[in-house]
Every structure is written in C-alpha cells, then in structure tokens.
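A structural walkthrough
Here is how the chains run, residue by residue.
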Amino acid sequence: MTKVERYTQDAINVANDDSHGYSMENRNGDPDYDCSSLVCAAVDRAGIPVKAAGASWTGNMLDAFLKSGFQNIIGKVNIDNGAGMKRGDVLLNEDAHAALYIGNGEMVNAGGNDGHPEPGDQTGREIRVMKYWNGGWNAVLRYMGTEEYTGGDDAEQPEAQLSDDIIYPRPDAPWAAETNNFDYPEILKYGDAGTVVQEMQAKLNALGYPCGKTDGIFGDKTLEAVTNFQTQKRLLVDGEAGPETLGKLHECYKALTGKDEAYYAQWEKTPEEKAKADKPHIGGLYLGDTVEFIGGNAYLLPNGSVSKTYEAGAAKITSINEKAKHPIHLVFVRGAATKVYGWVDVENVKKA
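Structural notes, computed from the coordinates. (Residues numbered from 1 in each chain as written. Predicted model: local features only at pLDDT ≥ 70, side-chain atom pairs only at ≥ 80, totals over all residues. Heavy atoms only, no water.)

**Re the overall build of the protein**
When helices and strands are tallied, the protein shows seven helices and 15 strands. Burial status across the protein gives 46% buried among its 352 residues. Carbon and sulfur atoms make up 47% of the accessible area of the protein, which totals about 17,200 Å². (Helix = DSSP H or I, 4+ residues; strand = E, 2+ residues; numbered from the N terminus. Buried < 20%, exposed > 50% of the residue type's maximum accessible area, 1.4 Å probe, protein only. Areas by Shrake-Rupley, 256 points an atom, 1.4 Å probe, with all protein chains shown as cover.)

**Regarding helix H1 (residues 3–15)**
Counted at 1.5 Å a residue, the expected span for H1 with its 13 residues is 18 Å, and the 18 Å between its end C-alpha atoms agrees. Of all 13 residues in H1, 10 are buried, a share of seventy percent or more. Buried positions along H1 lie against helix H2 (35–45), strand S1 (70–72), strand S3 (97–103), strand S4 (106–110), strand S5 (127–131) and strand S6 (139–143). (Expected span 1.5 Å × (residues − 1). Contact = heavy atoms within 4.5 Å.)

**Concerning the packing of aromatic side chains**
Taken as a whole and assessed by the stated rule, the structure comprises six aromatic pairs. Measuring from ring centre to ring centre gives 6.0 Å for Tyr101 and Tyr132, while their planes differ by 75°; the resulting arrangement is edge-to-face. Here the residue Tyr101 occupies a position in strand S3, and Tyr132 occupies one in the loop between S5 and S6, the gap between them amounting to 31 residues. Through a chain of ring-to-ring contacts, three or more aromatic side chains come together here, namely Tyr7, Phe65, Phe70 and Tyr143. (Phe/Tyr/Trp six-rings, centres within 6.5 Å; stacked < 30°, edge-to-face > 60°.)

**Brief notes about the environment of Gly304**
One can find Gly304 in the loop between strand S10 (296–299) and strand S11 (307–310). With 22 residues separating them in the primary sequence, Gly304 and His326 have C-alpha atoms 8.1 Å apart. The residues contacting Gly304, other than those within four sequence positions of it, are Tyr299 and His326.

**Focus on unusual backbone geometry**
With an omega of 5°, the peptide bond running from Asp30 to Pro31 counts as cis. Within the secondary structure layout, Pro31 lies in the loop between H1 and H2. In this structure, Asn104 takes a positive phi of about 55° despite not being glycine. Along the chain, Asn104 turns up in the loop between S3 and S4. The phi dihedral of Arg234 falls on the positive side, at around 55°, and the residue is not glycine. As for its position among the elements, Arg234 is in the loop between helix H5 (220–232) and helix H6 (243–257). Given the relative accessible area of 67%, Arg234 is considered exposed.

**Observations concerning the nonpolar core**
If you look at the biggest cluster of nonpolar residues, it comprises 35 residues, and the most contacted ones within it are Tyr7, Val43, Met61, Phe65, Phe70, Val90 and Leu141. Those elements that provide at least two residues to this core are H1, H2, helix H3 (58–67), strand S2 (90–93), S3, S4 and S6. With seven residues, H2 is the single largest residue contributor to this core. With residues near it in sequence (within four places) discarded, Met61 still touches Ser36, Val39, Cys40, Ala55, Val90, Leu92 and Ala98. Grouped together as the second largest cluster of nonpolar side chains are 30 residues, Ala99, Tyr132, Cys211 and Leu249 included. (Core = buried A, V, L, I, M, F, W, Y, C linked by side-chain atoms within 4.5 Å.)

**Some points on the sheet that holds S6**
Here six strands make up an open sheet; going across it, the order is S1-S6-S2-S3-S4-S5 and the pairing antiparallel. Unpaired on one side and paired on the other, S1 and S5 mark the two borders of the sheet. For this sheet, the mean inter-axis angle between neighbouring strands, taken without regard to orientation, is 30°. Relative to S6, S1 is paired through three bridges, and the arrangement is antiparallel. The residue bridging Gln71 from the neighbouring strand is Arg142, located in S6. (Pairing = 2+ DSSP bridges. Axes fitted to C-alpha atoms, helices over the stretch in contact; angles between N-to-C directions.)

**Looking at the packing of H1 against H2**
It is at 8 Å that the axes of H1 and H2 come closest, and there the two elements cross at 135°. One element, H1, and the other, H2, form an angle in the oblique class. You can see that H1 and H2 cross each other, and the crossing is right-handed. Mapping the contact onto sequence places Arg6, Tyr7, Asp10, Ala11 and Val14 in H1 and Leu38, Ala42, Val43 and Arg45 in H2. (Parallel < 35°, antiparallel > 145°, perpendicular 65-115°, else oblique. Left-handed = near helix turned anticlockwise from the far one by under 90°.)

**A word on the packing of helix H4 (residues 195–206) against H5**
Interaxial distance between H4 and H5 falls to 11 Å at its minimum, and their mutual angle equals 60°. Regarding the angle of H4 to H5, the classification is oblique. In the packing of H4 onto H5, the handedness of the crossing is left-handed. When H4 is examined against H5, the residues Met200, Gln201 and Leu204 are found in contact with a partner set consisting of Thr222, Ala225, Val226 and Phe229. Along the lines of polarity and charge, the residues of the contact of H4 with H5 split into five nonpolar, two polar and no charged. (Nonpolar A, V, L, I, M, F, W, Y, C, P; charged D, E, K, R; others polar.)

**Observations concerning the pattern of salt bridges**
Applying the stated criterion across every chain yields a total of 11 salt bridges. Measuring nitrogen to oxygen at the nearest pair gives 2.8 Å for the salt bridge that ties Arg87 to Glu5. You can see Arg87 sitting in the loop between S1 and S2 and its partner Glu5 sitting in helix H1, a full 82 residues away along the chain. It is possible to trace a salt-bridge network through shared partners that takes in Arg125, Arg128, Asp238 and Glu240. (Salt bridge = Lys/Arg side-chain N within 4 Å of Asp/Glu carboxyl O.)

Pasting the structure below:
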C-alpha cells in the first residue's frame, strides 16, 4: 500500500468512525480533530513527517507539506469542479480550511461540531465523506515523494468524474439545530429546487457569495456559494443549508438590507397555519382569536377618546386596524367574567 493510499484510507476510516468528532479545542485525535489536524495526522501516520516539518494548522501547512515531498499542482486542476484531481490530493485554503480529495468527486471533510461540543460525532456530519466542493483553495497538494509502503498493489488514482447521475444521500443522523425563531425547512442540499432555493440564492448573491442566476436550482455554483459562506462565518462546512446556515444567512441579509422578511417561515407550515398567517394580525394576535382581556378601557371608536372600563375576561377579536390608536376590537365571549365591547389597546390583550 502506498503512502498516499495509506493516509487517504486512514482519513476515510476516521470519517466513518463516529467516535471521532470535530473540535478546535481538543483536536489531537483523542478522539476529535479539526480540519487541519485530521489531514496532518493522517499524512503523518502514513510515514510522511509533515508535523516535524512544522504543520500544525492551515496557516503553516503549505510550507511544511512542500518540504515533505508534496507539490502544489493547483494550476493543473479545476478547483471549481475537481477535474484533474487525484485520490490523496490535499485541499488547502490557508486562511480557513483543509480537506482531502479521495477520488470520484468526493472528499473527506471535517466541517464543524454541528452544535455538539461533546466528544465524538453526534450527528454523522462533523467528519464525513461528501461531494467535492470548492473551499476557496489556494493550494492543491499532491505527494511526489518516495513510496515506502508495499503492503498491496498501488490503488489507481482516478481523475474526478462528476456526474449528474451520482446520488449523494443525506445521512440518516438527526439534524436538530435551532436557529432564531423561524420555521425553516429541515435542510437544502445539492440537487434541490424550488422557491426556497431561489430565496437563498438571492440572499447569497446580495451578500457577495455569487451563485449565478437565481433559478431556484441548487447546483454547482450554489454549492460553492453555500460552502464559501459557511467557511467565512465559521459554520459547519458541509455544503448543505440547514437551520444554522439559513439562520445565519437571514441574520447577515437583515444586517445588510434592514429587511426582516422571514422568507423561510411559510414553507413547511400546515394549510391551517398558512391560512392563519394570511389573516390580519398585530403583535402575534390574529383576527378571530379568542384572547384574554386583562381589564381596562374599551373605546367606542378606534381613534376615539370615549371609553368604558371593563373587568378582565375572555373575548374574541372581531376586527384589527393596525394604524389605529386602539387597534383591536373585542367582543366578550358568552359566559365570560367581562362584558367588554369595543376597541382596545394591544397591551390590554394577551393570548388565551
């Protein structure tokens, strides 16, 4: 077995072993790694002493790997789609990330702890084999040194063969991250299509992560934009847009534009929830809701001053005028302690 095959298979084994998760604090492989420590450890264990040459994180890997028999062949490959890459090529973004190309359009990637700081891979997503994506690599490092391991025939190092026919399944592990208070879709991934993808693309383009035409198709350009966004925002780097990524995207878009549209809030709602969302509402109170009137004045007119004081009790919202001084019209519920009837202030009403 060659050194290249040895460290490549080593990294794959780590990715497939959920006892190893992602950690930047405890990254020595006992049991967890981060992106650079995984690559460095696998290469070092294969008999290529990159650690002794000074490799310890993405910022010093390039010099150490070049000293250890690797060459930077980035000019001979296409980093956008992986064409020309071979099994065992080390992918490096000195400012942010490292991964290992394993052939057939796939890579081993340690992307983040997925919201689980405890040891081990709790979701199956922290370190895994996944579809290749462009992480803004400034170096693609290929080993050209001596091969000492001869435990088996050298594995052929195939050129990348990206195909629309390849299905990259989502892992069975649960995805339960919670971000903000929006009701996001569970996950958006390569090959998905629809309005929700189109909205994501529009936000990515606005924030300077170009994904081309906002056509609603999660293709190669959108995959690259998502992974670049995840890398820059120090999120789980997996090229899939789950609640954490979509939530951060919404947060950044709001900061840039001042717009606070919960674009993703409506998809995945039940028909009843969607119908309610279309009703007139104010302060989380909707037309037709039975609510609790906490007591106080009810006015004859929505902008009037003539009022009558009522006790607390159950009532129903029969009209809403968002621009009015007293925007909610209440009618008491049969059998309630109150006989409220009229326009009231929002602060005098709470959900039942």
